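Structural features, examined
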Amino acid sequence: MLPVKISDDFFWVGSVNFDCVDFHGYSRSPRGTTHNAYVLKDKKNVLFDTVKQEHMPDMVHYLKNTINPEDIDYFVIHHTELDHSGGLEEMLRLCRPEKVFCSPMGYKSLEKHFDVSGWPLQAVKTGESINCGKNTIRFIEAPMLHWPDSMVSHIPEKKLLISNDIFGQNYATMERFADQVSPEIWEHTLREYYHNIILPYSGQVLKFLDAIRAPGMDIAMIAPDHGLVMRGEHAPRVLDLYRQYAEQKPKRRGLVVYDTMWHSTEKMAACIAAGLCESGVPSRIMPVKNFHPSLIMTELSQCGILAVGSPTHNNTVLQAVAGLLTYIKGLRPKNRLGAAFGSFGWSGEGAKDIVAWLESMKFEQPVPAVSCQYRPSADILEQCRGMGQALGRRLDEVLAGSD
Ligand code: FEO
């Protein structure tokens, strides 16, 4: 097999994982993912990152097709999460590099993950650089994108940013460049990845985007550690998309999620969605039993309204709704309108608990919760329809004010 060339003297040596649909144990990756590592060939040869331990046979195969491993002089470890550092011990034995560069926080994290005695570790801070011959590697710390240790590398001579988790996509393909695949699917996987992994750190994203606009930071190609490399118009496009994602401006769509026992809350959900539709706001209904929370979160990324319904069960919401709200709250979405609804038999805490969840996420709730005992009457269903209409009207006011 030929080496996988990304640009002159820069090669992909990672692993494509079509069957990885459970990403890190908390998010779905329906299109699989890739674990990317790269090699720069120069006077000093450099390996950037490794892959998950179980995918090391792939990485070693691609590496040996590209370079004699013993000719690698430097490692750059951008991030210590095990999908990038899992193969590090094996790769150190294989290559015996002169230096392993990481961020100061990466140094501390590696010490907690491995026995690093004897490793040629060297911590590097933002602004430090190393000369490799024709190319220079500049290091930029990127704390919390995705862990405190995260950093990226910029090679000015190649106008190349090696971005680790940032700008990643969970998308397994035989292609290596974003411009070789469907633009719609690529953008969906970028948005899905951001909103399930990076979203809580949107403040840091905005600072990072400003930092990489500094003088001398020309970027014509972005090589992340998951998914496809962005070049041509995709490089500025991904920077624009990340700014949009991080700003979290409200979107003119609604999302109604619910769980149900005897279909009462389900009927209420349908009427809320009908009211949204009547107000001109496109909406989607997602029963939480049918969709993993990460798929619901990806949908919410395009919605300015979240209506949540659950029957009362054992004095609170059904567990799938509690799990979903826990997941969404942890991702810290902002600038949404919220609404609560649900049926109950005798105690009725379900909708009240949802109100409290939405308050804790600082979602404006312009309409009081709608609850009904046992089965929704025509009057209750009309209230639900009115809830949808009122949410739609309020969203239009918010959007008009944010123009
Ligand atoms: Fe792809 Fe935070 O690891």
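Refer to the structure printed above.
Please read these numbers as outputs of a predicted model, since none were measured by experiment. (Residues numbered from 1 in each chain as written. Predicted model: local features only at pLDDT ≥ 70, side-chain atom pairs only at ≥ 80, totals over all residues. Heavy atoms only, no water.)

**Observations regarding the overall build of the protein chain**
Each helix and strand in the protein chain was counted, giving 12 helices and 22 strands. The C-alpha atoms of the protein chain give 24 Å as radius of gyration, which agrees with the globular expectation for 403 residues (22 Å, within 12%). Referenced to the eigenvectors of the C-alpha coordinate spread, the extents of the protein chain come out at roughly 75 × 40 × 35 Å. The buried share of the protein chain, taken over its 403 residues, is 56%. Counting only carbon and sulfur atoms, one obtains 51% of the accessible surface of the protein chain, whose full area is about 16,700 Å². Charge-centre separation for the protein chain: the mean point of 42 positive side chains lies 3 Å from the mean point of 47 negative side chains. (Helix = DSSP H or I, 4+ residues; strand = E, 2+ residues; numbered from the N terminus. Rg over C-alpha atoms; globule rule 2.2 N^0.38 Å. Buried < 20%, exposed > 50% of the residue type's maximum accessible area, 1.4 Å probe, protein only. Areas by Shrake-Rupley, 256 points an atom, 1.4 Å probe, with all protein chains shown as cover. Lys, Arg positive; Asp, Glu negative; His and termini not counted. Charge placed at Lys NZ, Arg CZ, Asp CG, Glu CD.)

**Details of unusual backbone geometry**
Of note, the phi angle at Asp-9 is positive, near 65°, even though the residue is not glycine. Relative to the helices and strands, Asp-9 resides in the loop between strand 1 (4-7) and strand 2 (10-12).

**Some remarks on helix 1 (residues 56-66)**
Here helix 1 has its buried residues at Met-56, Met-59, Val-60, Tyr-62, Leu-63 and Thr-66. Looking down the long axis of helix 1, one finds its buried residues gathered within 170° of arc, a one-sided arrangement. Facing away from the buried surface of helix 1 by more than 90 degrees, the exposed residues are Pro-57 and Lys-64. Looking at the buried side of helix 1, the elements it contacts are strand 1, strand 2, strand 7 (38-40), strand 8 (45-48), strand 9 (72-76) and helix 3 (88-95). (Arc of directions from axis to C-beta. Contact = heavy atoms within 4.5 Å.)

**Quick notes on the layout of surface pockets**
For the largest pocket, the calculated volume is near 330 Å³. Looking at the largest pocket, it is lined by 18 residues, and the ones nearest its centre are Met-261, Thr-312, Phe-344, Gly-345 and Trp-346. When contributions to the lining of the largest pocket are tallied by element, the ones reaching two or more residues are helix 8 (264-278) and strand 21 (337-344). Looking at the lining of the largest pocket residue by residue, the class counts come to six nonpolar, 11 polar and one charged. Lining the second largest pocket are 14 residues, and of these Arg-191, Gln-244, Tyr-245, Lys-251 and Gln-302 sit closest to its centre. Put simply, the parts of the chain that give the lining of the second largest pocket at least two residues each are helix 5 (183-198) and helix 7 (234-247). Top element by residues in the lining of the second largest pocket is helix 5. It accounts for five residues. (1 Å grid on protein atoms, 1.4 Å probe; cavity = no way out; pocket = protein on both sides within 12 Å on 5 of 7 lines; lining within 4 Å. Points joined across faces, edges and corners; volume = space filled by probe spheres on them. Nonpolar A, V, L, I, M, F, W, Y, C, P; charged D, E, K, R; others polar.)

**Quick word on the pattern of salt bridges**
The full count for this structure, using the stated rule, is 17 salt bridges. The shortest N-O distance in the salt bridge between Glu-278 and Arg-385 comes to 2.8 Å. Highlighted residues: Glu-278 in helix 8 and Arg-385 in helix 12 (residues 378-402), separated in sequence by 107 residues. Under the relative-accessibility criterion, Glu-278 is labelled partly exposed at 45%. Judged by its relative accessible area of 28%, Arg-385 is partly exposed. A salt bridge links Glu-299 to Arg-284; the nearest nitrogen and oxygen atoms lie 3.0 Å apart. Taken together, the residues span a long stretch of sequence, with Glu-299 in helix 9 (residues 293-300) and Arg-284 in strand 19 (residues 283-287) at a distance of 15 residues. Judged by relative accessible area, which is 10%, Glu-299 ranks as buried. The structure contains a network of salt bridges with shared partners spanning Asp-210, Arg-213 and Arg-243. (Salt bridge = Lys/Arg side-chain N within 4 Å of Asp/Glu carboxyl O.)

**Brief notes about the side chain of Ser-301**
Inspection of the secondary structure puts Ser-301 in the loop between helix 9 and strand 20 (305-309). Relative accessible area serves as the criterion here: at 5%, Ser-301 is assigned to the buried category. Excluding residues that lie within four positions of it along the chain, Ser-301 makes contacts with Arg-191, His-195, Lys-251 and Arg-336.

**A closer look at the nonpolar core**
As a rule of thumb, soluble globular proteins bury nonpolar side chains together. Counting 55 residues, the largest nonpolar core has Phe-167, Trp-186, Phe-208, Ile-212, Tyr-242 and Val-257 as the members making the most contacts within it. Elements represented by at least two residues in this core include exactly helix 5, helix 6 (202-211), helix 7, strand 18 (254-258), helix 9, strand 20, helix 10 (319-330) and helix 11 (349-360). Per-element accounting of this core gives the leading share, six residues, to helix 5. When residues no more than four places from it in sequence are discounted, the contact partners of Ile-212 are Ile-140, Leu-161, Phe-167, Met-217, Ile-219 and Leu-239. (Core = buried A, V, L, I, M, F, W, Y, C linked by side-chain atoms within 4.5 Å.)

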